[in-house]
Amino acid sequence: MTKQDVGEFEKFAPHYFEYVNDCIQKSSPTLLAKIFGVFKIVIKKKDSVLLERSVLVIENLFCDRKIVNKYDLKGSERN
């Protein structure tokens, strides 16, 4: 995630988590993927930072399902 993405996430995150919590409390189904968190990963070598990235971790929606077609609609850093 870019710094801008993290900033946008911080804006809607309280509403998202409130909604998901409400769905859980009421046993109401939702089509939203569960977000586990946003984490910053920093790879260092001695005193310098080689890589610094923020990642969004969500549930695996494909677990125990046979998927015929799969499309990646989020951003990619290659191709």
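Residues numbered from 1 in each chain as written. Predicted model: local features only at pLDDT ≥ 70, side-chain atom pairs only at ≥ 80, totals over all residues. Heavy atoms only, no water.

Participant: Looking at this model, I keep getting lost on the overall build of the chain. Mind explaining?
Facilitator: Per the secondary structure count, the chain includes one helix and two strands. When the helices and strands of the chain are placed in sequence order, the string is α-β-β. Relative to its 79 residues, the chain shows a buried fraction of 11%. Summarising the internal contacts of the chain: among those between residues at least 6 apart in sequence, 26% fall at separations of at least 24. (Helix = DSSP H or I, 4+ residues; strand = E, 2+ residues; numbered from the N terminus. Buried < 20%, exposed > 50% of the residue type's maximum accessible area, 1.4 Å probe, protein only. Contact = heavy atoms within 4.5 Å.)

Participant: Sorry, what's going on with the environment of Leu 56 here?
Facilitator: Position of Leu 56 relative to the elements: it lies in strand 2 (residues 48-58). Sequence-wise, Leu 56 and Val 38 are 18 residues apart; in three dimensions their C-alpha atoms are separated by 4.5 Å. Aside from chain neighbours lying at most four places away, what touches Leu 56 is Met 1, Phe 9, Ile 35, Gly 37 and Val 38.

Participant: Would you take a moment to explain the packing of aromatic side chains for this structure?
Facilitator: When we look at a pair of aromatic rings, we describe it by the centre distance and by the angle of the planes. Scanning the entire structure with this criterion turns up three aromatic pairs. For the pair Phe 9 and Phe 17, a centre-to-centre distance of 6.4 Å together with 85° between the ring planes defines the contact as edge-to-face. For Phe 17, a relative accessible area of 36% corresponds to the partly exposed category. Taking 5.0 Å as the distance between ring centres and 80° as the angle between the ring planes, the aromatic pair formed by Tyr 16 and Phe 17 counts as edge-to-face. The exposure class of Tyr 16 is buried, given its relative accessible area of 9%. Through pairs of rings, three or more aromatic residues link up here, namely Phe 9, Phe 12, Tyr 16 and Phe 17. (Phe/Tyr/Trp six-rings, centres within 6.5 Å; stacked < 30°, edge-to-face > 60°.)

Participant: What am I meant to see in helix 1 (residues 3-25) here?
Facilitator: At 3.6 residues per turn, the α-helix brings residues three or four places apart onto the same side. Between its terminal C-alpha atoms helix 1 stretches 32 Å, which fits the 33 Å expected from 23 residues at 1.5 Å a residue. Where helix 1 bends most, at Phe 12, the angle is about 45°, and the proline Pro 14 comes one to four residues later. Taken together, the buried positions of helix 1 are occupied by Val 6, Phe 9, Ala 13, Tyr 16, Val 20 and Cys 23. Backbone geometry just downstream of helix 1 places Ser 27 in the positive-phi region, at approximately 50°. (Expected span 1.5 Å × (residues − 1). Bend = angle between axes of the 7 residues up to and from the residue.)

Participant: Even after reading the chapter, I still don't get the pairing of strand 1 (residues 35-45), so can you show me in this structure?
Facilitator: On a regular strand, each side chain points to the face opposite its neighbour's, so the side chains alternate between the two faces of the sheet. Alignment of strand 1 against strand 2, held across 10 bridges, turns out to be antiparallel. Note that in strand 2 the partner of Lys 45 across the bridge is Ser 48. Here strand 1 hands over to strand 2 after two residues, with Lys 46 in that stretch at a positive phi of 55°. (Pairing = 2+ DSSP bridges.)

Participant: Just checking my understanding: could you explain the nonpolar core for this structure?
Facilitator: Most often, soluble globular proteins keep nonpolar side chains buried together rather than apart. One finds Phe 9, Ala 13, Tyr 16, Val 20 and Ile 35 forming the largest nonpolar core, which totals five residues. For this core, the element with the most residues is helix 1, which contributes four residues. (Core = buried A, V, L, I, M, F, W, Y, C linked by side-chain atoms within 4.5 Å.)

All quantities given are derived from atomic positions and should not be read as evidence of function.
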